[in-house]
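Okay, here's what each chain looks like letter by letter:
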Amino acid sequence: DEDEDEEEDTMSTAAARALAASVDAAMGASSAAKGRVLGGLEEFIDAEQPSREETPSALETTPITVYETQYVEAQMRMIAVNDSFICYGIRNGLIRVFSRQSGNVRSLLRGHSDSIAALKFLADTDVLLSVDVRGRVTVRKLTLDLANEAIDSQTLIDFDFNVDASATGTPPSACWLPLDSRKPGRCEFALSAGTCVVCYECAFLAAKDTELVTISLDAPPAMRGLQVIEFDAPVSCVDSAPEGRKLVAASEGRAYVLVKADGEDEFECTDTLPWTVETALFASAERVILGNNNNTELVVVDVTQPTPVAVQRVVFTSANDKCFNVSLQHDTASGIVMLSNTRMNTVFALHFRNVFDYVTRFETSQPVLSFDSGKETDAEGDAIKLFCLQTQAIQTLRMPIDACVPPAGMIPSTPKNTSKMSTSSSGLLTPDMFMGAELAGDEDEDDVKEDGVSGHAKSKTQAPAYENDEEEYEEEYDVDDDDEMVSAAASGATTPAAIPIAAAAVDVKQLRAAIRSEMQELLEEIRSERRQAAEERKADMERAKKSNETAAANLKRDVTNAIATLLQQYGESNAKTIEAGVARAQSVAATSAQTAMKSIVGPAIDSAVRAQMETSVVPRFELACGEMFKQVKSTFERGMSDLNSELLAARESAILSQTQPLVSGLRAATNEVRQAATVLLTDVPNQVAVAMSKASAGVPATMGAPPGMPTKSAPRSLAQIEQQLDPTVEIGK
């Protein structure tokens, strides 16, 4: 197999790559990662420069195999892992499968002719869903045969939707829906294909492999369990909620929530999320994470409200365009959302609890193009294992959960302003709206302010303070439903500071409405003043920046001109002196630097390198080399076995081709002998009988037998003649 040969050829550099992996592991173990607290309505994360609170760390690496993958920036999931198998897509639509129980057992899955866009295992099973960029979908049941060291696969579903990925510009995505306990033995998946979302419910137990079925999305057939949901634009992604029959799909820059109600057979659109969306992910049954095309902007949306609302916005910034985040995934067991920045070889871990409250960044030696993750427990404790498809290898990265979770006491039990944000408008919260939410978020302050204003008004009218019960107010002044207006005189207004409207009737509802209106106007004035102040500060900063740039340019020009003038005046006469002085200074500096390096840095570097080599690098290098030679030996033995089989088959074919003429000649000679024997058995006895009859007719009748000899009758057949001439008869006698 050409692809398998290419994969084996890369083993020549396995030793160097294993050494690099060991160094990465040593780096990861040297320092623990530390993140920073989030939780605000709007957070900014610099993708290039960590903040002062952050301490990035390298992830501990365990090599799986060496395989080169072309660097691409695309939202594809090209690797899938469960407890038994590791699967990843390689060239020409092939899928490599490794056994996690025995690394020497592997297999190739065929059927796709184009690059793999999505791989996903059904939870707690060995059922694998695979989709290529042309929209061909296969569902396979994998089985490990340790006795024969093989991995068997049974094809349960094989659909071809003939999607033109080049026209849509977005590769298909796929997801499994949670298993329904009311439908044992059945499963359901969804995928984005062109301008449609395709849902199909099937059984994951079958008697034999199924055949390929071609389905046109323009006119889908009436199949049990098949539903095709059409959109006006290409669908970029689809994801399912961790529980229930709920999907979220992104199309035309918007996200759509699709729900299948109990007892229904089809999904229906229930909500539209009007944000700029290319990727969407269910973080929980109540919250959806929306991202743009490179996941540099994440918006957390609460979909439980009658109108979905944004509760948080996280933006990854990069001054040099060094941010492209792929593989947005959420581990429900640990509550960690992961992203891989392929341009900076960085993996971000964001802890999620209704909103993002903590972020930690980790470093890798190679870009992580795609990964699958899961929570596992090893000797060092709980960790997230990232099975990564990188540019030079397939590796496992260990991410300790303790480094991704905010330390105890740093995060309040209830995120601030979360409940108040849920009552905001359906649009994305702008900075002004964020400020308004903060002002409205502190209920106690609002109550104090409102009570203070209303109390001031009440003190001028000497009206009693009823906080929230109009019935008590009506009972106090004997006001019925038809006449809610009361006189200030009935309230006993005797204060000299009473305002002129004391003699007029007062309506409590109008008073409260007026207070709210005044408060709203006050908030608007504050917002306007803040916006104006911010704009003025921005303008001042821009003017100062321009002034500084102008002054710096002038200073640079003046200094350059002055230096050039001085050099021109004194350069010719002092050139040799300056050159000799510079040479002496360089020599002295070099000598001092070498001496310092040898006396200070040298011993420390030697001891550190020796310790790392003895404790970490050399043992890991030996293990990696041993594994490499085992794989080489296994590959060589399989190759020699296949070559021996081919040589035996070729030799048998050559022998058959050489002996064919001889066999034909022998068959012809045998036919001739059979024909001659037939002639002898038919013609010769007849001729002998005729000759004997003629001979007997020519003998006289009176002629008898010689004396002393018995008279014998003349033979009449060839058998009788042969019997008379048979010497064995005489010998027997």
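Residues numbered from 1 in each chain as written. Predicted model: local features only at pLDDT ≥ 70, side-chain atom pairs only at ≥ 80, totals over all residues. Heavy atoms only, no water.

A few words on the overall build of the chain. Helix and strand counts for the chain stand at ten helices and 34 strands. By residue count, 37% of the 733 residues in the chain fall in the buried class. Considering only contacts in the chain between residues 6 or more positions apart, those separated by 24 or more positions represent 55%. With the model as given, the accessible surface of the chain reaches about 41,700 Å², and the carbon-plus-sulfur share is 53%. (Helix = DSSP H or I, 4+ residues; strand = E, 2+ residues; numbered from the N terminus. Buried < 20%, exposed > 50% of the residue type's maximum accessible area, 1.4 Å probe, protein only. Contact = heavy atoms within 4.5 Å. Areas by Shrake-Rupley, 256 points an atom, 1.4 Å probe, with all protein chains shown as cover.)

Spatially, the four strands line up as an open sheet ordered 4-32-31-30, and their pairing is antiparallel. Single-partner strands in this sheet number two, and they are strand 4 (60–65) and strand 30 (368–378). Here the strands of the sheet are splayed against their neighbours by 25° on average, with no regard to which way each runs. Two elements, strand 30 and strand 31 (residues 381–390), share ten bridges in a ladder whose sense is antiparallel. In the sheet register, Glu376 faces strand 31, and the bridge partner there is Ala383. (Pairing = 2+ DSSP bridges. Axes fitted to C-alpha atoms, helices over the stretch in contact; angles between N-to-C directions.)

Okay, a negative patch on the surface next. Taken together, the side chains of Glu264, Asp265, Glu266 and Glu268 define an acidic patch exposed on the protein surface. Inspection of the secondary structure assignment puts Glu266 in the loop between strand 20 (254–259) and strand 21 (268–273). (Patch = residues over 30% accessible without salt bridge, like charges linked within 9 Å, V, L, I, M, F, W, Y side chains within 5 Å. Salt bridge = Lys/Arg side-chain N within 4 Å of Asp/Glu carboxyl O. Lys, Arg positive; Asp, Glu negative; His and termini not counted. Charge placed at Lys NZ, Arg CZ, Asp CG, Glu CD.)

What follows covers the sheet that holds strand 18 (residues 235–240). Taken together, four strands build an open sheet; the order of strands is 18-19-20-21 and the sheet is antiparallel. Looking along the sheet, the strands with just one partner apiece sit at the ends: strand 18 and strand 21. Pairs of neighbouring strands in the sheet enclose a mean axial angle of 25°, with direction left out of account.

This next bit is on the nonpolar core. Core analysis: the largest hydrophobic core is formed by 26 residues, its most contacted members being Leu129, Val139, Phe161, Trp176, Phe189 and Leu191. Contributions of two or more residues to this core are made by strand 10 (127–132), strand 11 (136–145), strand 12 (150–160), strand 13 (174–176), strand 14 (186–193) and strand 15 (196–203). With residues up to four places along the chain from it excluded, the contact list for Leu129 reads Ala118, Leu119, Lys120, Val137, Thr138, Val139, Ala174, Cys175, Trp176 and Phe189. In terms of nonpolar packing, the next biggest core, distinct from the first, is built from 22 residues, Ala283, Val314, Val355 and Val359 among them. (Core = buried A, V, L, I, M, F, W, Y, C linked by side-chain atoms within 4.5 Å.)

Taken as a whole and assessed by the stated rule, the structure comprises 25 salt bridges. Across the pair Glu376 and Lys385 runs a salt bridge whose closest N-O atoms are separated by 3.6 Å. Take Lys385: its relative accessible area is 15%, and that puts it in the buried class. Salt bridges sharing common partners tie together Arg100, Glu376, Asp378, Glu380, Lys385 and Arg398.

A word on the side chain of Thr69. For Thr69, the position within the fold is in the loop between strand 4 and strand 5 (79–81). Residue class for Thr69 comes out buried when judged on its relative accessible area of 19%.

Turning our attention to unusual backbone geometry. A positive phi angle, near 50°, is found at Asn162, a position not held by glycine. Along the polypeptide, Asn162 turns up in the loop between strand 12 and helix 3 (165–168). The backbone of Ser327 sits at a positive phi, close to 55°, despite the residue not being glycine. Mapping Ser327 onto the fold places it in strand 26 (residues 325–331). Classification of Ser327 by relative accessible area gives buried; the value is 9%.

What follows deals with the packing of aromatic side chains. In this description, a pair of aromatic rings is defined by centroid distance and the angle of the planes. A full pass over the atoms with the stated rule returns nine aromatic pairs. Judged by centre distance (6.2 Å) and plane angle (50°), the rings of Tyr67 and Tyr88 are tilted. In this pair, Tyr67 sits in the loop between strand 4 and strand 5 while Tyr88 sits in strand 6 (residues 85–89), placing the two residues 21 residues apart along the sequence. In this structure Tyr88 comes out as buried when scored by relative accessible area, which is 0%. (Phe/Tyr/Trp six-rings, centres within 6.5 Å; stacked < 30°, edge-to-face > 60°.)

When you tally the buried positions in strand 15, you get seven out of eight residues, the bulk of the element. Relative to strand 15, strand 14 runs antiparallel, the two being bridged by eight bridges. The partner of Glu188 across the bridge, within strand 15, is Glu201. Here strand 14 folds back onto strand 15, and the loop between the two strands holds two residues, one of which, Gly194, carries a positive phi near 65°.

Within the secondary structure, Glu188 is located in strand 14. Residue Glu188 is classed as buried on the basis of its relative accessible area, which comes to 4%. Separated by ten residues in sequence, Glu188 and Pro178 place their C-alpha atoms 7.8 Å apart. Contact partners of Glu188, with chain neighbours within four places excluded, come to Trp176, Leu177, Cys199, Tyr200, Glu201, Arg245, Lys260 and Phe267. A polar atom in the side chain of Glu188 sits 2.9 Å from the side chain of Arg245. (Polar contact = N/O pair within 3.5 Å; in protein donor to acceptor, adjacent residues only side chain to side chain.)

Attention now moves to the side chain of Asp239. Among the secondary structure elements, Asp239 is positioned in strand 18. Buried charge Asp239 goes without a salt bridge, the closest partner of opposite sign being Lys120 at 5.3 Å. A polar side-chain atom of Asp239 sits 2.9 Å from the main-chain amide nitrogen of Phe282. Apart from residues lying up to four places away in sequence, Asp239 is in contact with Cys175, Lys246, Leu247, Val248, Ala280, Leu281 and Phe282.

Within the secondary structure layout, Glu68 lies in the loop between strand 4 and strand 5. The exposure class of Glu68 is partly exposed, given its relative accessible area of 36%. When the C-alpha positions of Glu68 and Thr391 are compared, they lie 5.4 Å apart, and in sequence the two are 323 residues distant.

Overall, the prediction assigns the chain a mean pLDDT of 78, with 76% of residues at 70 or greater. Counting contacts from residues 8–16, a segment whose pLDDT is below 50, to residues more than four positions away or on other chains yields eleven contacts. (pLDDT = per-residue confidence, 0-100.)

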